[in-house]
Amino acid sequence: MKVTKINDWFEKFGRFEVKHRWGFLIGLLLITIIGCLGLPRLKLDNGEEDWFDDWETTKVNQDHFESIFGSTDTLLAHIKAKDVFDPEVLQMIDDLGNELLNKVPYAGSITSLMELSLPVGTEDGFEVTSPFEDGVPADQSELAEKKAFIMSRESIVNNLVSEDCTETWLIVNLEQYSENLDQAMSKIAPPAMEIFNSEKFRSNDKWELRPAGLSYTEYEEEKAITFQCISRIGLGFIVMLIFLIIFIRSLRGVIVPSIATLGAICTTLGFSAWMNIKGNNTMILVTVLLAMALAVGYAVHYINSFKMHFRKTGLRKESIVMGIRDSGWALFFTVITTMAGMLSFLSAGIRPMRWVGGITAAAVLAVFIYEIILLPCLYSFGKDQEADPDFVNTEGSTKSDLRIEAMGKSILNKKWVTVIAGIIVIIAVIPGLFKIKVNMNYADMMGERTPYIHRLMEITRSQLGSQYSYEVLVEYQEEDALKNPDVLKNMDEMAARIGTLSSTKVSNGKPRVSSVTKVVKEMNRTLNGDDPEAYIIPDDQDLVSQEMFLYEISGGSDLYDYVSEDFRAGYLHIELSGYDGEEIVRNLEEVKKWCKELFPDASNAGVVGEVVQYAQMNGKLVRGSIKSIGTSLLVILILLILAFTSFRTGFIAMIPNVAPIAIIGGIMGYAGVNLDMITAMIMPMILGIAVDDTIHFTNHIKYHFELTGNYRSAVLNSYREIGKTMIMTTVILCAMFGIFLTSTMTVLVNIGWLSIVGLGSALIADYTLTPVLLYITKPFGKETK
């Protein structure tokens, strides 16, 4: 299909639009109003259920676990001091626990140095006591005695308190929610924050307090993400206005794209809300900033085309129509390819990626519709002017246009140098592609420049702290199955094996694995004269039952933390040293094999916890990313072949667009940037955007070849007419993605600089490889002149 014929159709559309401009404007206004009315219904969150297609199964398993053992959520305070047994520190721990228990909703009980349940041998056998039940003793010798007793308990040291007495935990055990996490955290976190940050408890020269816990940190995450989104979008709008002023230099050219951007974004989100489509509050940032950048880019393309004709003819309405004629088809086709790049996320199999792909594709189309209606209609109001004689001879071109044409001549004269240089760059980045590591490390994604992540990482790096954990559930059909010494010994064996795994946290030589066996072993030791050698599971089931019964009737409170009341089920709690998805998956495979080996008669024995799902998502993310990139490459290739009605032209046009993808991947590998759910979006997104310039350039070259019959003339005319615009649009896109560099979130910073590298390399490829390959291969037919 000839480009001239397609341009003729856009010319007809332009004349129809200018003639019925009021109808177009009123229709667009009505659509905008309807869309905006849906915005109050818009739902955005970052719920974990959105990341898993099998969330219902995960939720059922989690609900089953919590139905047996209660809520898995806790409110934590990691306390660091010179000596946590200092009277002032102990009194602070006691007061803090009481205040949290009284003021925080769902607070059920406290575990701390001030609230312990430890068995102590007596003349009559033993009793369960709390060393500080009567408060902090004033007598130093009594305090030292209590300290020595607590530090002699193997189940306490390097679990609740570090062996050097510089760290300890205060744990608020939360009751089961009657609502979802989003609602519960908004009730739990604010009063807890107020208490932690109060003058009485905040960190000072005596102690350092570091809060944590699922509902607490989820609340902090939501606040941090909301701030990042609002501030980046606001900054993005300012940057958009600045570039409109610089590049377009007219009031109308600034106002119209701004209105188009706001209208397109609000309408798109509003209609998605009318359709009850829930969005993601992190991903929406990509949608909004990309829509802003493309709005400016489309405006620059059209307005520059309009200005070129207006300078040459002085006829406003005719220049409006010619602007649509020259830029309409290229703009429309770039919209289609950008949408194809974003819609490739639908094949990723991860809901937030599918949502951002769909909503961004819709926003891109909406931006184009707003621009193609508002710009011609509003620019058509005004008077004609005298043609500028300085631009008549240069066909409306400026000095900068002519300088870019001269640069094009130099590139064509050194065409083989360009090809060889491109090949060398691709060869150089290929090894980096094989160095890309897939890892969904939440802390790495957010980054330590985010204050609460820095605090969590300090906890993780401490002797007692960890950020991630999971459970191994062991469940039997028979009551009292967990009183069987063989089962308990196998649980102990399981704990010992898990302690050897590379991902398990170890505190001063002790693996952070907890279970009901620690209570049984502590009881057995107490009943055997506090002999450390008796810290074992007894062989006699009756003795085990008696020890558990005595512990329970004596007021012990830790027993049912790890075992069900009917003793059918128990679990091991395992803390992780860090997050390496591939390593965790390997470790969990070992755990699953051990479950089958050690608990063959159990009705249910396996791994429970969301960290398991995130680790398994690594493989899903790899497959999703490959599918997304492959889909976008295939769809865009097909579109290019259809657009230019030539297999050869379609394949040639793909080469400059594959190069930026390879460069981004290679740099990610060399720089050690993990592939996660956010960075996985970069390659398909950049491919969808980068192909825009290829289409504009190739389309113009084909158009001028149809007019001139000469490839060199067609290439140089294209450099002169749209070369400057290509630079402008790339600079605008890079500036918009550069806003991510100001974020405290590492993943957004990575999106920023990787996108800038991708877009910059795409521009270089389009300025060099695209015209050179078309000039060498001559895909549009033989020259006639």
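Everything below is about the structure printed above this text.
Report on the accompanying structure. (Residues numbered from 1 in each chain as written. Predicted model: local features only at pLDDT ≥ 70, side-chain atom pairs only at ≥ 80, totals over all residues. Heavy atoms only, no water.)

### Focus: the sheet that holds strand E13 (residues 569-575)
Strands sit in the order E12-E13-E9-E14 across an open sheet of four strands; the sheet is antiparallel. Where the open sheet ends on each side, the last strands, each with one partner, are strand E12 (513-514) and strand E14 (604-608). Contacting strand E9 (469-475), E12 and E13, helix H17 (residues 485-499) crosses the sheet at an angle of about 15 degrees to E13. Together, E9 and E14 form the strand contacts of helix H20 (residues 581-598), whose direction differs from that of E14 by roughly 165 degrees. (Pairing = 2+ DSSP bridges. Helix = DSSP H or I, 4+ residues; strand = E, 2+ residues; numbered from the N terminus. Contact = heavy atoms within 4.5 Å. Axes fitted to C-alpha atoms, helices over the stretch in contact; angles between N-to-C directions.)

### Digging into the pattern of salt bridges
When charged atoms on two side chains of opposite charge get close, those side chains can pair. Summed over the entire model, instances satisfying the criterion amount to 29 salt bridges. Residues Arg153 and Glu522 are paired through a salt bridge, measuring 3.2 Å at the closest nitrogen-oxygen approach. You can see Arg153 sitting in the loop between helix H5 (140-151) and strand E6 (167-174) and its partner Glu522 sitting in helix H18 (residues 517-527), a full 369 residues away along the chain. Comparing Arg153 with Glu522 shows no difference in burial state: the two are buried. Arg461 is paired through a salt bridge with Glu448; the nearest N and O atoms lie 2.9 Å apart. With a gap of 13 residues between them, Arg461 in helix H16 (residues 451-461) and Glu448 in the loop between helix H15 (442-446) and H16 connect regions that are remote in the sequence. Each of Asp8, Glu11, Arg15, Glu318 and Arg325 takes part in one network of salt bridges that share partners. (Salt bridge = Lys/Arg side-chain N within 4 Å of Asp/Glu carboxyl O. Buried < 20%, exposed > 50% of the residue type's maximum accessible area, 1.4 Å probe, protein only.)

### Let's talk about the pairing of strand E7 (residues 207-212)
Side chains on a regular strand alternate between the two faces of the sheet. For E7, the tally of buried residues reaches five of six residues, placing the bulk of the element in the interior. Summarising the sheet, strand E2 (residues 74-81) and E7 pair through six bridges and their orientation is antiparallel. When the bridges of E7 are listed, His78 appears paired with Arg210.

### Here we look at helix H13 (residues 399-413)
Two residues of an α-helix separated by three or four positions point the same way, owing to the 3.6 residues in each turn. An ideal rise of 1.5 Å per residue puts 21 Å on 15 residues; H13 measures up with 21 Å between its terminal C-alpha atoms. For H13, the full list of buried residues reads Asp401, Ile404, Glu405, Gly408, Ile411 and Leu412. Looking down the long axis of H13, one finds its buried residues gathered within 110 degrees of arc, a one-sided arrangement. Within H13, the exposed residues directed more than 90 degrees away from the buried face are Lys399, Arg403 and Asn413. Residues of H13 that are buried make contact with helix H14 (415-433), helix H24 (711-738) and helix H25 (746-777). (Expected span 1.5 Å × (residues − 1). Arc of directions from axis to C-beta.)

### With respect to H17
Relative to the 21 Å expected for 15 residues at 1.5 Å per residue, H17 spans 21 Å between its end C-alpha atoms, a close match to the ideal helical length. Turning to H17, its buried residues are Pro485, Val487, Leu488, Met491, Met494, Ala495, Arg497, Ile498 and Gly499. For H17, the capping residue at the N-terminal end is Asn484, with a side-chain oxygen 2.9 Å from the backbone nitrogen of Asp486. (Polar contact = N/O pair within 3.5 Å; in protein donor to acceptor, adjacent residues only side chain to side chain.)

### Considering the packing of aromatic side chains
Evaluation of the coordinates by the stated rule reveals 22 aromatic pairs. A centroid spacing of 5.0 Å and a plane angle of 45 degrees characterise the contact between Phe65 and Phe69, whose relative ring orientation is tilted. Here Phe65 and its partner Phe69 are both found in helix H3 (residues 55-69), four residues apart, which amounts to about one turn of the helix. With 5.4 Å between their ring centres and 45 degrees between their planes, Tyr562 and Tyr571 make a pair best called tilted. Of the residues examined, Tyr562 reaches a relative accessible area of 12% and is grouped as buried. A network of ring pairs unites the aromatic residues Trp9, Phe10, Phe13, Phe16 and Phe24 as a single cluster. Directly above the ring of Tyr379 sits Arg252, whose terminal nitrogen or CZ lies 5.2 Å from the centroid. Stacked on the ring of Phe567, the Lys or Arg Lys483 has its end atom at 4.5 Å from the ring centre. (Phe/Tyr/Trp six-rings, centres within 6.5 Å; stacked < 30°, edge-to-face > 60°. Lys NZ or Arg CZ within 6 Å of the ring centre and 35° of its normal.)

Read these as spatial facts, not as claims about activity.
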